[in-house]
Amino acid sequence: MRIVLLGAPGSGKGTQSQRLVERAGIPQISTGDLLRAAVSQGTDLGRQAKEAMDSGRLVDDSLVLGMIRERLGEPDTRKGFILDGFPRNLAQAHALDHLLEALRQPLDAVVQLEVDYGELVKRIAGRRTCADCGRVFNLLTSPPTGAAAQCPVTHAPHRLLQRPDDNETTVAERLRVYDEKTRPLIDFYRARGLLKVIDAEGSVDGVTRRLMQVLGVPAARAAARPKRAPRKAAAKKRPARAKAAAKRTRAAAPRKRRAPAKARRPATARRRPARRR
Ligand code: AMP
């Protein structure tokens, strides 16, 4: 499976890519991660990319394309890949088309993660990355709790850091650049019949379910869960004595009282509020 995840900064491309890597067994190629690694290693590429990254602008196409060409030439991409954060403009999308044509590996799908502007800003403010294992968390939507609380590299709690370009000024610029340069890719891929759009708000698990559904990846948990016998058939198998005992227990138990109708919330209040556009 060869896919592109499209979406504004903070739309959850990184988080959902990580889940797709686990379930589909294909590598994630994040140009943002590759560029950050180059910056922290102090390579030539990193030095050239740093200024644009710090100010929220796009890094020069030629640098990014060179990096992608090299990465897509590696053997682990033969079974597929997830492109996260690339392409970012029409020139990169055309270059990707040519590159994949030459490799005879056309894209299967492009998924657009839709998130409201206000929600994006909130999510970016809560985003943290573990300095040791690189896993991305969100203090609001996916904090490091339970089994995820311990870093698999240090076996201690994650050392969470905020990305330097997740500050208020740079975020505003990154969102502006997204609207101007990246948003046109939605129409580009729609015209090619590759675009799938999913609602990327709500719980991380919910977004993953919708993503797997549009990509046709079976849900891991549903596949692993043992099949249950249908309810009626199971009830039939109960011996008559057990059934009678259950009936007695139900009759003896005090009935649960429902709240009076007025105290219950109307169905409309339980629905999610309409999203701002
Ligand atoms: P990201 O982690 O995808 O949000 O990317 C962080 C920063 O890296 C962006 O704000 C850009 O400066 C740079 N960057 C990442 N991917 C690209 C790309 N495909 N083209 C140009 N610049 C990029």
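Residues numbered from 1 in each chain as written. Predicted model: local features only at pLDDT ≥ 70, side-chain atom pairs only at ≥ 80, totals over all residues. Heavy atoms only, no water.

A.B. asks: Which residues make up the site of the ligand, and what values do they have?
C.D. replies: Lining the immediate surroundings of the ligand are 16 residues, of which Thr31, Arg36, Arg57, Val59 and Gln92 lie closest. Taking arginine 163, its side chain carries an N or O atom lying 3.2 Å from an oxygen atom of the ligand. Taking 470 Å² as the accessible area of the ligand by itself, protein coverage stands at 96%. For the shell around the ligand, the element with the highest residue contribution is helix H2 (residues 31-41), accounting for four residues. Among the residues making up the shell around the ligand, the classes are represented as six nonpolar, four polar and six charged. (Near = heavy atom within 4 Å. Polar contact = N/O pair within 3.5 Å; in protein donor to acceptor, adjacent residues only side chain to side chain. Areas by Shrake-Rupley, 256 points an atom, 1.4 Å probe, with all protein chains shown as cover. Helix = DSSP H or I, 4+ residues; strand = E, 2+ residues; numbered from the N terminus. Nonpolar A, V, L, I, M, F, W, Y, C, P; charged D, E, K, R; others polar.)

A.B. asks: Describe in detail the packing of aromatic side chains, supporting the description with residues and values.
C.D. replies: Summed over the entire model, instances satisfying the criterion amount to one aromatic pair. The interplanar angle of 85° and the centroid separation of 4.9 Å between the aromatic rings of phenylalanine 188 and tyrosine 189 together place this pair among those described as edge-to-face. According to the relative accessible area criterion, phenylalanine 188 is buried, its value standing at 9%. The positively charged end of arginine 192 is found above the aromatic ring belonging to phenylalanine 188, 3.8 Å away from the centroid. (Phe/Tyr/Trp six-rings, centres within 6.5 Å; stacked < 30°, edge-to-face > 60°. Buried < 20%, exposed > 50% of the residue type's maximum accessible area, 1.4 Å probe, protein only. Lys NZ or Arg CZ within 6 Å of the ring centre and 35° of its normal.)

A.B. asks: Describe helix H6 (residues 117-126), listing the residues and the values that go with them.
C.D. replies: For H6, every residue scored as buried is listed here: Glu119, Leu120, Arg123, Ile124 and Gly126. Seen along its axis, H6 keeps its buried residues to an arc of 160°; they face one direction. In this structure, the buried side of H6 is in contact with strand S5 (127-130), strand S6 (136-138) and helix H7 (168-182). Between a side-chain oxygen at the N-terminus of H6 and the backbone nitrogen of glycine 118 the separation is 3.3 Å; the capping residue is aspartate 116. (Arc of directions from axis to C-beta. Contact = heavy atoms within 4.5 Å.)

A.B. asks: Explain the environment of valine 136 to me, using residue names and the numbers behind them.
C.D. replies: Take valine 136: it is sitting in strand S6. Accessibility expressed as a relative area gives 21% for valine 136, which makes it partly exposed. For the pair formed by valine 136 and threonine 15, sequence separation is 121 residues and the distance between their alpha carbons is 6.5 Å. Every residue in contact with valine 136, bar those within four places of it in the chain, is listed here: Thr15, Gln18, Arg127, Arg128 and Thr129.

A.B. asks: Hey, could you go over the sheet that holds strand S4 (residues 109-114) for me, with residue numbers and the actual values?
C.D. replies: Spatially, S2-S3-S1-S4-S8 is the arrangement adopted by the five strands of the open sheet, whose pairing is parallel. The sheet is open, and its two edges are formed by strand S2 (28-30) and strand S8 (195-199), each paired on a single side. Across the sheet, the axes of successive neighbouring strands diverge by a mean angle of 25°, strand direction being ignored. Where S4 meets S8, five bridges bridge the pair, whose relative direction is parallel. Counterpart to valine 110 in the pairing with S8 is leucine 195. (Pairing = 2+ DSSP bridges. Axes fitted to C-alpha atoms, helices over the stretch in contact; angles between N-to-C directions.)

A.B. asks: Provide a residue-level description of the pattern of salt bridges, including the pertinent values.
C.D. replies: Counting across every chain of the model gives 20 salt bridges. Two residues, arginine 71 and aspartate 76, come together in a salt bridge whose shortest N-O distance is 2.8 Å. Overall, the relative accessible area of 14% leaves arginine 71 in the buried class. Note on aspartate 76: relative accessible area 29%, which makes it partly exposed. Through salt bridges with shared partners, one network takes in Arg127, Arg163, Asp165, Asp166 and Arg174. (Salt bridge = Lys/Arg side-chain N within 4 Å of Asp/Glu carboxyl O.)

A.B. asks: Describe the packing of H7 against helix H8 (residues 184-191), naming the residues involved and giving the relevant values.
C.D. replies: The N-to-C vectors of H7 and H8 enclose an angle of 35°; their axes lie 5 Å apart at closest approach. From H7, Tyr178, Asp179, Glu180, Lys181 and Thr182 reach across to H8, where they touch Pro184, Leu185 and Ile186. Among the residues making up the contact of H7 with H8, the classes are represented as four nonpolar, one polar and three charged.

A.B. asks: I'd like a description of the nonpolar core, backed by residues and values.
C.D. replies: Ranked by internal contacts, the top residues of the largest apolar core, which has 52 residues, are Leu96, Leu107 and Tyr189. Top element by residues in this core is helix H4 (residues 61-72). It accounts for six residues. Look past the residues within four positions of tyrosine 189 in its chain and what remains in contact with it is Leu6, Pro87, Ala93, Leu96, Leu107, Val110, Leu194 and Leu195. (Core = buried A, V, L, I, M, F, W, Y, C linked by side-chain atoms within 4.5 Å.)

A.B. asks: Report on the confidence of the model for the protein, specifying residues and quantitative values.
C.D. replies: Averaged over the protein, the pLDDT score is 83; the fraction of residues at 70 or greater is 79%. Helix H13 (residues 267-270) is the least confidently modelled element of the protein, averaging 38 in pLDDT, while H8 averages 98, the highest of any element. Contacts for the low-pLDDT stretch residues 221-243, under 50 throughout, to residues beyond four places or in other chains number three contacts. Contacts from residues 248-277, a stretch scored under 50 in pLDDT, to residues over four places away or in other chains number 12 contacts. (pLDDT = per-residue confidence, 0-100.)

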